[in-house]
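This is what each chain is made of:
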Amino acid sequence: MISDPATLGRQLLGTFLEESFDGLERLEAGLLRLDEHRSSELIDELFRVVHSIKGGAGAVGIVELGALAHAMESVLDALRRGEPAAAGTTSLLLRGVDALRASLRERQAGRSTPADAHAQLAAQIEHCAARGSAPSRGPAHPDTRSPTAAAWRIDIAPGAAPGAVVIDPIKLFRTLADLGELAVDAELTALPDLARFDPGRCYLRWRATLPGDVPRAAIEDLLGWVDGAFDVTIVPPAALAAPTTGEPAPLPAATGAPAVAAGESAPLPALTGAPASAVASAPAAGSIRVAIDKIDQLMNMVGELVITQSMLGELDGDGPLDTARLARIREGLGQLARNTRALQDSVMRLRSMPISGVFNRFPRLVRELGIRLGKEVVLEITGQSTELDKTVLEKLGDPLTHLVRNSIDHGIEPVADRLAAGKSRAGTIRLTAEHRGGDVVVEISDDGRGLDPERIATIARQRGLIAPDAVLDDRAATQLVFLPGFSTAREVSEISGRGVGMDVVRRHVEELGGEIALDSRRGHGTRITLRLPLTLAIIDGQLVRIGDRQFVIPLLSIIESVAVEAPRVSQLAGACEVYRLRDQLIPMIDLAGLLGMPRAPGADNRVMVVVATDTGQLGLMVDELMAQQQVVVKSLETNYQRVPGLSGATILGDGQVAFILDVIALGQTARAPLSIAA
Amino acid sequence: MLALVLPTDLDQSVVAELHPRFLEALAEPAITIDGSSVQHADVAGVQLLCALVIAAERRGIPLVWSVVSPALVTAARLLGVEHVVRIAGVRQDGLEWFD
C-alpha cells in the first residue's frame, strides 16, 4: 500500500478529495435532517458516505481519518440497526464532519494532520455508539467554560509596546468563535483600582480554549494578523494532555512576557500585513464538475461549427467571386456568428453552478447559531438549483453568511419576545434564489423584529453621518445602515474575509456587479434583496479613449456621460477638481494623469463619464466615448500582475488590448469627499 | 442614587471622558447603570466598566443595572467578563444590527 501521499498520483488524491468534499456536504445536509426525518434510506446513505470516505482515505494513505471515520460509521451502523440515538449524537457527528473536512483541507494544501489529532473526538463518538448515549459535553452545551485536555489553549496578552490597543480582542474572539466552541476566561489581576486606572492601557489578558479538532492552521490564520498588538501563545491539545493534573496552567504573568510552554508552542508567524485567508475558504478552484448534458450541448455546438467551417471551406476554391458565391459566403459568416454566440453561451453554462453550493452551508449555521443564542429558527430555502457563474458564487458566500447571521442574531427575537408579540415560537428565515431577466435575485428575509428607523437615524446623527436636523422617512432611515462608518466592526472583515457591517456587504455585492436593497418593517421583519449578474467573465462595457489607448468602463457602473464645460469645473481647496452637475459637485479624476499617459492634443473637448462608486459618484475624464460592446474579461493577476485601478483586460476585435477600469478602486483612490451637495 | 447612562460607543474614544464620571459616581450611595444605548463596545470601554463594578463592590456601594443592550452583553461575553460586570440576566433592550 502506498503510504506517502507525495508519491501518490495527484489525480487519484485529487479525485478522492473532490468526492470526499462532496460526500461531506451530503453528510452534513443529511445529519441536519436526521433529527426530524429519520428514515432508513437516509441513515443508509449517510453510512455509505462515511464508509466511502473511510475506504478511500485508507486507499490513498490518509491514515489520520481512519479512527474517526470508523467511529462515525459505528454510530450510523447502530442507528441503522434501529438503536435509539441520544440527544447530542447529531452534534457529535457534525463535529466529526468538521474534523474530517479540516483534515482533508490540510491534505489538499499539501500538509497532514497528526495521526492522533482526532483521537479524542473519535473516542467520544465511539463511546456514543457503544452506549447509545451521547457524552455529556458537546457543542449543544455552548457555555462549557473549563478547558479540557482535548482543547487548544490560546493565551492572549496585550503586546509589550505601551499605548492604546489597536486591535480589539472582541473582534479576535468573535472570529475565533467561528472555528468552534470557544470559551474565554479573562484575567483581571492587573486591573488597578478605578482611582489608579489609566484609560490608555489594556490591563486584561485572556485564556481561550477551542476544541482540539480545530486545525492549527485555522487558528494561526486568524491570529496571525494581530502581529505585535498582542502576545499570543498557542498550546496544542497534545501538549496540554501530557501534564494534565486537572488544574489548568496559570495564565501568563500579568506584568512579564507571555508564558510559552517549553517546546510545545511557538509564537505566531508574523504576517507582513497580508490579510489572513478565510479559514473555511473553499477548496482550491482547480476544477468544476459539469453535468453531462452541458458537455453534450457543447459537442453539438462544436459539430455545428465544423459544418459551418466546411461550408465556408468549400467556397474557398477557385472560380469567380460572383454574386451567388458572395451570398453564400455571407450566409456562412452569419451562421458562424450564430454558432459562436451559441458556443459562448454553452461555455458560460459550463461555468455555471447551482447556488445550493452556497445555500447548503446555512442549515448548519442556523442550527448552531440558534442553539447558541437560545432561539428557535426555521430556515426555508427555495430555488437552490438556480445557477450562477462560479466566480460570482464563490464571492457570494461571505456576504450571504453575514446577512443570515444578522437575521438570526439581531432579526429573530428570543422565544419569549416572539410569544409576547403574538408571533409563533420559532422565527423563520427564508432564502430564495431565482432568475429575473438577465440577473439572479437572491433574497434573505425574516419575520423578526425588523429595523428601528428612529434608532438608526439617531445613531447616524450621533456619528455625524447625517445632518442633526435631517428629516428622514422610515425607508430612508433604514437605508442608512449601508453607510460606511455606520457599522462598527469593519477591521475584522477586511482581514478575515468575513463580511462584517452592512457597508462591507454592499461593497462585496457591488464588486460583483450586483445591487443590494433592504426593506424592513418594525416588528414584522426584514427583507434583503441581492441582484447579481449571471457572470463576471463577460461584461457589457463602454469603450473610451484616453490619449491613444482604449479602455473599458463597465456599463453597469455608468450613470451618465457629459461633455465637459470648463466653467463648471472648480478646484476645491486641498482636494481634487469637482464638476458642478445640476445640484451636485462631482469629484473628477483625470485618468490620463492618473495612468501616467500623455494628454492628447486637442484635449479640451473632453467627456466626463459619471460612475457610481461605493463612496458616491465620481467623474472620470476621458478623451472620447467610443462603442459599447460585450467584452471578455481576462485576469491581469493570472496573465501579468495585479494593477491598482484596473480590474482586468480584454482583447478587442482589432487585436488591441484594452484595460478594464476598476471603478470601485478608483473611487477609493479619490477618497476625498466624493459627493458633496452643492 | 446616581443613574449612569452609558454612551452609544463605549470605546476608546470615550474612556478618558468617562473615567472621571465613574470616579464621581463612587461618591454616591448607590449606582444604577443604563446600558441600553450601547451599540459598540471595545476592550477599553469594557475594562473601565469592570474597574467601576469592582471598585463599587470594594467600597460597598450597591450597583445595579436597569437595562443593557445586546451589543454590550455580547462584548462582555466575548471578553469573558460577563460575570465580572454582572450583567447576566439583566433585561436586554436595544438594537445590535450593525455589529
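Residues numbered from 1 in each chain as written. Chains lettered and ligands numbered in written order. Predicted model: local features only at pLDDT ≥ 70, side-chain atom pairs only at ≥ 80, totals over all residues.

Caption draft 1: A look at the overall build of chain A. Along the backbone of chain A there are 21 helices and 23 strands. Per-residue burial over chain A gives 38% buried out of 678 residues. Expressed as a percentage of contacts within chain A between residues at least 6 apart in sequence, the contacts between residues at least 24 apart total 71%. (Helix = DSSP H or I, 4+ residues; strand = E, 2+ residues; numbered from the N terminus. Buried ≥ 20, exposed ≤ 12 C-beta atoms within 10 Å, placed from the backbone. Contact = placed C-beta atoms within 7 Å.)

Caption draft 2: Quick peek at the overall build of chain B. If you tally the helices and strands in chain B, you get four helices and five strands. Ordering the α and β elements of chain B from the N terminus gives β-β-α-β-β-α-β-α-α. Residues classed as buried in chain B amount to 55% of the 99 residues present. For chain B, the share of sequence-separated contacts (at least 6 apart) that also reach a separation of at least 24 residues comes to 83%.

Caption draft 3: Molecular detail of helix H1 (residues 12–25) of chain B. All names here are of chain B. Its 14 residues give H1 an end-to-end C-alpha distance of 20 Å, which sits within 8% of 20 Å, the value for a rise of 1.5 Å per residue. By the largest-angle criterion, Leu18 marks the main kink of H1, which is about 40°, and a proline, Pro20, follows within four residues. Close packing links the buried residues of H1 with strand E1 (2–5), strand E3 (31–35) and helix H2 (43–58). (Expected span 1.5 Å × (residues − 1). Bend = angle between axes of the 7 residues up to and from the residue.)

Caption draft 4: Geometry of the sheet that holds strand E2 (residues 183–187) of chain A. Residue and element names in this part refer to chain A. Taken in spatial order, the four strands line up as E2-E3-E1-E4 in an open sheet, and their pairing is antiparallel. Looking at which strands have only one partner, the edges of the open sheet turn out to be E2 and strand E4 (230–235). Taking each pair of neighbouring strands and ignoring which way they run, the sheet shows an average axis angle of 15°. Bridge analysis of strand E1 (residues 151–158) against strand E3 (residues 205–211) gives six bridges, and the strand direction is antiparallel. Across the sheet, the residue bridging to Ile154 is Ala208, located in E3. (Pairing = 2+ DSSP bridges. Axes fitted to C-alpha atoms, helices over the stretch in contact; angles between N-to-C directions.)

Caption draft 5: Focus on the confidence of the model for chain B. Residues and elements named next belong to chain B. Per-chain confidence: chain B averages 85 in pLDDT, with 92% of residues scoring 70 or above. Note that pLDDT drops below 50 for residues 95–99; the model gives that stretch 21 contacts with residues more than four away or on any other chain. Interface predicted TM-score (ipTM) for the complex: 0.91; the corresponding pTM is 0.48. (pLDDT = per-residue confidence, 0-100.)

Caption draft 6: Quick peek at the interface of chain B and chain A. Taken together, the 30 residues of chain B in the interface contact 35 residues of chain A. No other element matches the eight residues that H2(B) contributes to the side of chain B that touches chain A. For the side of chain B that touches chain A, the per-class residue count stands at 20 nonpolar, seven polar and three charged. (Nonpolar A, V, L, I, M, F, W, Y, C, P; charged D, E, K, R; others polar.)

Caption draft 7: The confidence of the model for chain A, seen in detail. Per-chain confidence: chain A averages 76 in pLDDT, with 79% of residues scoring 70 or above. Low pLDDT, under 50, characterises residues 1–5 of chain A; the stretch is placed with eleven contacts to residues that sit more than four places away or in other chains.

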